[in-house]
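Summary of the model geometry
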Amino acid sequence: MMKVELTETFNFPPEAIFTVLADIPHHVDWVEEPIELTSLIGGPAKLGTKWEQNANRFGKRLFLLNTCNIYEANRKFGWKTEKPFLAQVTFLLEADKGVTKLTWSIESDEGGIVQLAEPLLIKQTNLIIRNSFARLKKYLQSRA
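Residues numbered from 1 in each chain as written. Predicted model: local features only at pLDDT ≥ 70, side-chain atom pairs only at ≥ 80, totals over all residues. Heavy atoms only, no water.

Details of the packing of helix α1 (residues 14-21) against helix α2 (residues 118-143)
Direction vectors running N to C along α1 and α2 enclose 110°, while the axes themselves pass 11 Å from each other. Taken as axis vectors, α1 and α2 run roughly perpendicular relative to one another. In this structure, α1 contributes Ala16, Ile17, Thr19, Val20 and Leu21 to the contact, and α2 contributes Leu136, Tyr139, Leu140 and Arg143. Along the lines of polarity and charge, the residues of the contact of α1 with α2 split into seven nonpolar, one polar and one charged. (Axes fitted to C-alpha atoms, helices over the stretch in contact; angles between N-to-C directions. Helix = DSSP H or I, 4+ residues; strand = E, 2+ residues; numbered from the N terminus. Parallel < 35°, antiparallel > 145°, perpendicular 65-115°, else oblique. Contact = heavy atoms within 4.5 Å. Nonpolar A, V, L, I, M, F, W, Y, C, P; charged D, E, K, R; others polar.)

In structure tokens, the structure reads:
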């Protein structure tokens, strides 16, 4: 089981950040990893919303099926990935003295030969999250 968790501070209220996190079609505007939304069923985001996307991981194109399984307005948002591997993505927002702490955690169970590459996967996932945090800050500023 691989787990990566990073926290970043944002000068935006939790409501503004949550709105962007739950806006699934616009993840392509700020997530670092090249992704393409291919379908959204039951949107906008709420518990049970499903979406399919293509992602690029180590130069390999992956088809991902996601389902929103965590939705606490302005506090917590997340989804589970069912294909091609099991994963849980969770965003936790905590207001703290005029800023918001955003924690992004990913837990995945990539079995088989992929486990051998786990240290590289962790390094790549950390980089993707850090770059996505920077892009998210710019995206939020452009919307303010």
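Notes on unusual backbone geometry
Positive phi outside glycine occurs at Asn74, with the angle close to 65°. Along the chain, the position of Asn74 falls in the loop between β4 (60-72) and β5 (76-83). We note that Lys97 has phi near 50°; this positive angle belongs to a residue other than glycine. Looking at where Lys97 falls in the secondary structure, it is placed in the loop between β6 (86-96) and β7 (99-109).

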